[in-house]
Amino acid sequence: MLQEQITQYSAEINAFDTSNAEELEQFRIRFLGTKGIIKDIFDQFKAVSPEEKRVLGKVLNEFKQVAEAKYSSINEVLSISAQHTEDLGLDLTLPGEGFEVGARHPLALVRREIIDIFNKLGFSVAEGPEIEDDWHNFSALNFPEEHPARDMQDTFFLKKGGENGDIALRTHTSSVQVRMMEGGKPPFRALMPGRVYRNEAISARAHCFFHQVEGLYVDENVSFADLKQTLFYFVQELYGEGTKVRFRPSYFPFTEPSAEMDISCTICKGEGCQMCKYSGWVEILGCGMVDPNVLENCGIDSKKYSGFAFGMGIERIANLKFEIKDLRLFSENDVRFLKQYKTVLI
Ligand code: PHE
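First, a word on scope: everything that follows refers to the structure included in this document.

Basis of the calculations
- Residues numbered from 1 in each chain as written.
- Predicted model: local features only at pLDDT ≥ 70, side-chain atom pairs only at ≥ 80, totals over all residues.
- Heavy atoms only, no water.
- Helix = DSSP H or I, 4+ residues; strand = E, 2+ residues; numbered from the N terminus.
- Buried < 20%, exposed > 50% of the residue type's maximum accessible area, 1.4 Å probe, protein only.
- Contact = heavy atoms within 4.5 Å.
- Axes fitted to C-alpha atoms, helices over the stretch in contact; angles between N-to-C directions.
- Parallel < 35°, antiparallel > 145°, perpendicular 65-115°, else oblique.
- Left-handed = near helix turned anticlockwise from the far one by under 90°.
- Nonpolar A, V, L, I, M, F, W, Y, C, P; charged D, E, K, R; others polar.
- Pairing = 2+ DSSP bridges.
- Core = buried A, V, L, I, M, F, W, Y, C linked by side-chain atoms within 4.5 Å.
- Expected span 1.5 Å × (residues − 1).
- Arc of directions from axis to C-beta.
- Near = heavy atom within 4 Å.
- Polar contact = N/O pair within 3.5 Å; in protein donor to acceptor, adjacent residues only side chain to side chain.
- Areas by Shrake-Rupley, 256 points an atom, 1.4 Å probe, with all protein chains shown as cover.
- Salt bridge = Lys/Arg side-chain N within 4 Å of Asp/Glu carboxyl O.

Once that is clear, we can look at the overall build of the chain. Summing up its helical and strand segments, the chain has twelve helices and ten strands in all. Its C-alpha atoms give the chain principal-axis dimensions of about 120 × 50 × 45 Å. Residues classed as buried in the chain amount to 41% of the 346 residues present. Counting contacts in the chain only where the partners sit at least 6 residues apart, residues at least 24 apart contribute 67% of the total.

Remark: helix α1 (residues 2-15) packs on helix α4 (residues 50-87), axes separated minimally by 10 Å, with the N-to-C direction vectors making an angle of 20 degrees. By the angle between their axes, α1 is roughly parallel relative to α4. Read as a crossing pair, α1 and α4 show a hand that is left-handed. Residues Leu-2, Gln-3, Ile-6, Tyr-9, Ser-10, Ile-13 and Asn-14 of α1 form the contact with α4, whose participating residues are Leu-56, Val-59, Leu-60, Phe-63, Val-66, Ala-67 and Lys-70. A breakdown of the residues in the contact of α1 with α4 according to their chemical character gives ten nonpolar, three polar and one charged.

With mixed pairing, seven strands are arranged side by side in an open sheet as β1-β5-β6-β10-β9-β8-β7. A strand with exactly one partner marks an edge of an open sheet, and here the two such strands are β1 (124-125) and β7 (245-252). Summarising the sheet, β1 and strand β5 (residues 188-197) pair through two bridges and their orientation is parallel. Considered in β5, the bridge of Ser-124 is made with Ala-190. Taken strand by strand, helix α10 (residues 314-322) contacts β6 (209-219), β8 (255-264), β9 (281-290) and β10 (306-313), and its axis lies near 60 degrees from that of β10.

Here the focus is the nonpolar core. One finds Ile-114, Phe-118, Phe-234, Ile-284, Phe-310 and Met-312 to be the most contacted residues of the largest nonpolar core, which totals 43 residues. Those elements giving two or more residues to this core turn out to be α5 (106-119), β6, α8 (224-239), β8, β9, β10, α10 and α12 (335-338). Among residues more than four places away in sequence, those in contact with Ile-284 are Phe-234, Val-235, Met-261, Ile-263, Met-312, Gly-313, Ile-317 and Leu-320. Counting residues in each nonpolar core, the second largest holds 22 residues, with Phe-143, Val-176, Phe-254 and Leu-295 among its members.

In this section: α1. For α1, with 14 residues, the first-to-last C-alpha span of 20 Å sits near the 20 Å given by 1.5 Å per residue. Those residues of α1 lying buried are Leu-2, Gln-5, Ile-6, Tyr-9 and Ile-13. Buried residues of α1 fall within an arc of 95 degrees about the axis and therefore sit on the same side. Of the exposed residues in α1, the ones pointing more than 90 degrees away from its buried face are Glu-4, Gln-8, Asn-14 and Ala-15. Tucked inside the fold, the buried residues of α1 contact α2 (21-32), α3 (37-45) and α4.

This part covers unusual backbone geometry. Pro-186 connects to Pro-187 through a cis peptide bond whose omega is 5 degrees. Within the element layout of this structure, Pro-187 appears in the loop between α7 (174-182) and β5. Along the chain, Glu-256 connects to Pro-257 via a cis peptide bond; the corresponding omega equals -5 degrees. Structurally, Pro-257 is set in strand β8. One non-glycine residue with positive phi stands out, namely Asn-221, at about 60 degrees. Looking at the element boundaries, Asn-221 is found in the loop between β6 and α8. For Asn-221, a relative accessible area of 70% puts it in the exposed group. In this structure, Lys-277 is a non-glycine residue whose phi angle is positive, near 50 degrees.

Residues in contact with the ligand amount to 13 residues; listed here are only the nearest, His-172, Ser-174, Arg-198, Gln-212 and Glu-214. His-172 places a side-chain nitrogen or oxygen 3.2 Å from a nitrogen atom of the ligand. Contact between the ligand and Gln-212: an oxygen atom at 2.9 Å from a side-chain N or O atom of the residue. Burial of the ligand by the protein chains amounts to 90% of its free accessible area of 330 Å². If you list the elements that add at least two residues to the shell around the ligand, you get β6, β9 and β10. The dominant element in the shell around the ligand, judged by the number of residues it contributes, is β10, at three residues.

For β6, the tally of buried residues reaches nine of eleven residues, placing the bulk of the element in the interior. The pairing of β5 with β6 spans ten bridges and is antiparallel. Along β6, the bridge assignment pairs Gly-194 with Gln-212. As defined by bridge partners, β6 adjoins β10 across eight bridges and the pair is classed as antiparallel. In the strand pairing of β10, Leu-216 is matched with Ala-309.

Turning to the pattern of salt bridges, a few remarks are in order. Scanning the model with the defined rule gives 14 salt bridges in all. Between Lys-160 and Asp-166 there is a salt bridge; the shortest N-O distance is 3.1 Å. Ionic pairing is found between Asp-326 and Arg-328, a salt bridge with its closest N-O pair at 2.9 Å. On the accessibility criterion, Arg-328 (30% relative accessible area) is partly exposed.

Okay, here's the thing in structure tokens:
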């Protein structure tokens, strides 16, 4: 009987381990306490026969030693580490400090969303330089020499002259279209996100830099119907099914025909509000069929190939999505503003 108990408890003692002082104290009380198991077994021992005593006596003493050794070895480790924390001046009972989780910038969120939608249609992503020459920013895009967009007013010029004309900060991402078409063969199906610069006074509604996403699709038999369907799909994905679109004739030197696309106001659903200036519609992008001159400028046979292009301001889309009224918020890096757009970092 006694032998069985000892074997069972020995196994328990051998298996015992803890880094918690409270648990160790429980262990001490259970086995080594004045009303503990060892005391109880010693009491039972008094009642066994003399022959049994001879055999069990040794076993019992060993059992007691094992329990004591276990207790003191763990106790030593725990008191060393307790001393350590005390030496370091640490109070481990204090609550931990929370840590801030990063947030994506609202412009980055919107850019990602736009790219994800066009990815589904097979559009890849391309980039180009922010410091551009006249050829890529203007001439190849069919801007006549005297076009007002080349004026000092709109463009930040960096250097006069040069092989490809004046050097400037790009005023739109359409320059990346040119670089893409010059550097490859159709078909092209790409999205070109990036920062663009215009010489404007900074206010709630204008900034000297902002962000665009350009889209280009060039292949055989690309038509205006393809353009409309692609952009319609994009808007349904971005703002939800039922969002209406309308195309208004417009002018860009590099597209013919050209259009601006409006969507039914996402804030008031077309009822009329401040955002849409009570018209029910908001403009979100410019688009059109790539002008054959532009294709030829980039070495592409305009008899064989046709294409469409579009360009939108990311700030504008973010503005409609998050109702951010002041453009300056995007670049001021006020953490209180940025924190609101908590998303898991990927
Ligand atoms: N580049 C034009 C702009 O900055 C937008 C646009 C791009 C229009 C492509 C048509 C086609 O306003």
